[in-house]
Amino acid sequence: MILNLLLLGPDPALLGTPPMSESPFSLLPAASTNAQEIDDVYIFITALCVISFVILMGAQIYFMLKYKKPKAGHRKTSPLTHSGKLEFWWSFIPAILLLILFGWGETLYMKMMSPPDDAISIRVTGQKWFWTVEYPDTAGAILTDELIVPVGIPVRLTLTSNDVIHSFFIPVFRLKKDAVPGRYTNMWFEATTPGVYPIFCAEYCGDQHSSMIGKVHVVPREEYQAKLDEAARLVQDEGESMVDFGKRVWDRGGCASCHSLDGTTKTGPSLKGKYGTNETLVDGSTIAIDDNYIRESILEPNAKVVQGFTPQMPSFAGRFDDKAIAGLIEFIKSNK
Ligand code: HEC
Ligand SMILES: [Cu+2]
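Here goes a summary of the coordinates provided. Computed from a predicted model, the values in this text were never measured in an experiment.

Geometrically, a metal with four donors at the corners of a regular tetrahedron has ideal angles of 109.5 degrees, and one with six donors at the corners of a regular octahedron has ideal angles of 90 or 180 degrees. Donor atoms from the polypeptide that bind the copper ion (ligand 2) are His166 (ND1), Cys201 (SG), Cys205 (SG) and Met212 (SD), placed at 2.0 to 2.6 Å. Its 4 donor atoms give the copper ion (ligand 2) angles of 92 to 126 degrees at the centre, a pattern that matches the tetrahedral case. Donor residues for the copper ion (ligand 2), ordered by position in the chain, follow H-x34-C-x3-C-x6-M.

Below, the discussion takes up the side chain of glutamate 279. By the secondary structure assignment, glutamate 279 is in strand E11 (residues 278–280). By relative accessible area, glutamate 279 is classed as buried at 11%. At 3.2 Å, the side chain of glutamate 279 and the side chain of lysine 274 are in polar contact. If near-sequence neighbours (up to four positions away) are discounted, glutamate 279 is found in contact with Lys274, Ser285, Thr286, Ile287, Ile289, Tyr293 and Val306.

Here the largest pocket defines a volume of roughly 600 Å³. Lining the largest pocket are 16 residues, with Ile55, Leu56, Trp89, Trp90 and Pro94 sitting closest to its centre. The greatest single-element share of the lining of the largest pocket, amounting to 8 residues, is contributed by helix H4 (residues 84–113).

Before going further, it helps to spend a moment on the coordination of the iron atom of ligand 1. The coordination sphere of the iron atom of ligand 1 contains the protein donors His259 (NE2) and Met313 (SD), at a distance range of 1.9 to 2.1 Å. If you look at the iron atom of ligand 1, its 6 donor atoms make angles of 88 to 178 degrees with each other, and the shape they trace is octahedral. Highlighted residues: histidine 259 in the loop between helix H6 (242–253) and E11 and methionine 313 in the loop between helix H7 (291–299) and helix H8 (322–334), separated in sequence by 54 residues.

This structure, assessed with the given rule, holds 1 cavity of 30 Å³ or more. Estimates place the volume of the largest cavity at around 550 Å³. Contributing elements (two or more residues each) for the lining of the largest cavity: H6, H7 and H8. A total of 4 residues in the lining of the largest cavity trace back to one element, the largest contributor, which is H7. Tallied by class, residues from the lining of the largest cavity come to 21 nonpolar, 10 polar and 3 charged.

Ordered by their spatial adjacency, 5 strands build an open sheet running E4-E10-E9-E6-E7, and the pairing between neighbours is mixed. The outermost strands of the open sheet, each flanked by one partner alone, are strand E4 (146–150) and strand E7 (175–179). When strand polarity is set aside, the average angle formed by the axes of neighbouring strands in this sheet is 20 degrees. Relative to strand E10 (residues 213–219), strand E9 (residues 195–201) runs antiparallel, the two sharing 6 bridges. In the strand pairing of E10, phenylalanine 200 is matched with isoleucine 213. Contacting E4 and E10, helix H5 (residues 221–232) runs over the sheet at an angle of about 155 degrees to E4.

Across the sheet, which stays open at both edges, the 5 strands sit in the order E3-E2-E1-E5-E8 with mixed pairing between neighbours. With one partner strand each, in any of the chains shown, strand E3 (141–144) and strand E8 (185–190) form the two edges of the open sheet. This sheet shows a mean twist of 25 degrees between the axes of neighbouring strands, independent of strand direction. One ladder, built from 4 bridges, connects strand E2 (residues 130–135) with E3; its direction is antiparallel. Considered in E3, the bridge of tyrosine 135 is made with alanine 141.

This brings us to the site of ligand 1. Not every one of the 29 residues close to ligand 1 is listed here, only the nearest: Cys255, Cys258, His259, Glu279 and Met313. In this structure, tyrosine 293 approaches ligand 1 through a side-chain N or O atom, which is 2.6 Å from an oxygen atom. A distance of 3.1 Å separates an oxygen atom of ligand 1 from a polar backbone atom of proline 301. Put simply, ligand 1 lies in the largest cavity. Sort the elements by how many residues they give to the shell around ligand 1 and H7 lands first, with 3 residues. Classifying every residue of the shell around ligand 1 gives 17 nonpolar, 8 polar and 4 charged. Taken domain by domain, the shell around ligand 1 gets at least three of its residues from each of domain 1 (120–232) and domain 2 (242–334).

Further remarks concern a nonpolar patch on the surface. Residues Phe88, Trp89, Phe92, Ile93, Ile96, Leu99, Ile100 and Phe102 make up a contiguous nonpolar surface patch of about 810 Å² in total accessible area. As for its position among the elements, isoleucine 96 is in helix H4.

Where H6 contacts H8, the axes come no closer than 7 Å and their chain directions differ by 105 degrees. As far as their axial angle goes, H8 and H6 are roughly perpendicular. Contacts between H6 and H8 pair Met242, Val243, Phe245, Gly246, Lys247, Val249 and Trp250 from the former with Lys323, Ala324, Ala326, Gly327, Leu328, Glu330, Phe331, Ile332 and Ser334 from the latter. Looking at side-chain class alone, the contact of H6 with H8 contains 10 nonpolar, 3 polar and 3 charged residues.

Turning next to the side chain of arginine 174. With respect to the helices and strands, the residue arginine 174 is situated in the loop between strand E6 (166–170) and E7. Of note is the side chain of arginine 174, whose polar atom sits 2.8 Å from the side chain of aspartate 39. The residues touching arginine 174, leaving out its near neighbours within four places in the chain, are Leu28, Pro29, Ala30, Ala35, Ile38 and Asp39.

About the cut-offs
- Residues numbered from 1 in each chain as written.
- Chains lettered and ligands numbered in written order.
- Predicted model: local features only at pLDDT ≥ 70, side-chain atom pairs only at ≥ 80, totals over all residues.
- Heavy atoms only, no water.
- Donors = N, O, S within 2.8 Å, 3.2 Å for Na, K, Ca; no water.
- Tetrahedral: all angles 85-135°; square planar, octahedral: opposite > 155°, others 65-115°.
- Helix = DSSP H or I, 4+ residues; strand = E, 2+ residues; numbered from the N terminus.
- Buried < 20%, exposed > 50% of the residue type's maximum accessible area, 1.4 Å probe, protein only.
- Polar contact = N/O pair within 3.5 Å; in protein donor to acceptor, adjacent residues only side chain to side chain.
- Contact = heavy atoms within 4.5 Å.
- 1 Å grid on protein atoms, 1.4 Å probe; cavity = no way out; pocket = protein on both sides within 12 Å on 5 of 7 lines; lining within 4 Å.
- Points joined across faces, edges and corners; volume = space filled by probe spheres on them.
- Nonpolar A, V, L, I, M, F, W, Y, C, P; charged D, E, K, R; others polar.
- Pairing = 2+ DSSP bridges.
- Axes fitted to C-alpha atoms, helices over the stretch in contact; angles between N-to-C directions.
- Near = heavy atom within 4 Å.
- Sits in = over half its atoms within 2 Å of the grid points.
- Domains from an automatic or database assignment.
- Patch = residues over 30% accessible without salt bridge, like charges linked within 9 Å, V, L, I, M, F, W, Y side chains within 5 Å.
- Areas by Shrake-Rupley, 256 points an atom, 1.4 Å probe, with all protein chains shown as cover.
- Salt bridge = Lys/Arg side-chain N within 4 Å of Asp/Glu carboxyl O.
- Parallel < 35°, antiparallel > 145°, perpendicular 65-115°, else oblique.

Pasting the structure below:
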C-alpha cells in the first residue's frame, strides 16, 4: 500500500479525477495532435541528454583510469597542448544539435500558438475554486468544471479569471496557460482520442486550490452536439421531482465549490438545514431564510451579504430560469 502510494501517487479515484496512466514510468496518454509532437521533442531531448552523459562520463572515467598518476618515476608532462580538429568537431556537432532543437521547438511552438481559423471557440473563466466553461458558438451553453470537445475539430479556448491568477492545465493535451484577471489568454488543441481526462488548476490560488479540478470529455464528432445539448440542458424531466431537478441545477452551477451540505463552511456558508432559520447579515440585521431570500441570493448575491463572509458569489441571473431557481430552492429546503 505504502509502496504503491510512493510509486503511483494517490489513487486517482480518490482525487476525483479520471486516471491518466497505468504505470508511473509511462508517459501520460497523448490525446491531441500537438501532444504527440510535444512528446517527440521531449523524448528527443531526453535521449540526447542520456547519450551525451554516457559519452562524456565514459570518456572521463576512461581517461582517469588510463592516465592515473604512476606509482613511481616517469612524471613528464605530455608535449601535446591541444587538437584543433577535435575541438572543431566537439563544438560543431553540439551546435548543430542545438540548432535542430531550436528549429524543432520554435516551429512546434508557433503551431501551438496559432489556432486554425475554423476552430470552435470556448471561453473558460477561473474563479476560486472552479472553472466556468461557456460555449458561445452553441446557444450559450454554460457548464461548470466540464469541457466537452469533439474529436478531430480544432478547439480554441479563451481564458480569463474573475479573481486571482489561475492556470488551466490539461495534461493529456500537454496544454497549460495562466488565466489572468482582466486579460484574455488563448490556447488551442485538436483532440484525437475519445475519453474522459482530468483538468487541473496549476497555479496556487488559495487554500482550496487542489480542489479546483475538472474533466474534459472528448467525444466522437457525431455525438458532440448531442452530448453538449444534453449536458447544457436544464429542463425538468417528466417524472423528475423538483428536488432531483434542483440537485442537477446545483451540480451544474458549481454551487458545491462554495457551499457544503454537511455543515462545513467553505467560501460561502453551508446550506445544510438553513431553510426557515434566520441569517445575520454584515450590517447586523437579521433576515429569515425563505424562498425570496434564496432567490435574491442567487440572482443578486451582493444585495444581502451574510455576516462573516465576503461578497464572492457570482450572480446566476440570466443563467438559470425561474423553474431552475425553484428547483434550487426545493433542493436547499430538502437539506435539513
Ligand atoms: C464563488 C463561490 C460561490 C458560488 C459558486 C456560489 N455561492 Fe452562494 N454564496 C457565496 C458566499 C461567499 C455567500 C455569502 C455572502 C453573500 O451572502 O453574498 C453565499 C451566499 C449564498 C446564500 C445565502 C446563504 C445564507 O446562509 O444566508 C445562498 C442561498 C446561496 N449562496 C446559494 C447559492 C447557490 C444556489 C449557488 C449555485 C447556483 C451558489 N450559491 C453558488 C459563495 C458562492
Ligand atoms: Cu486556481
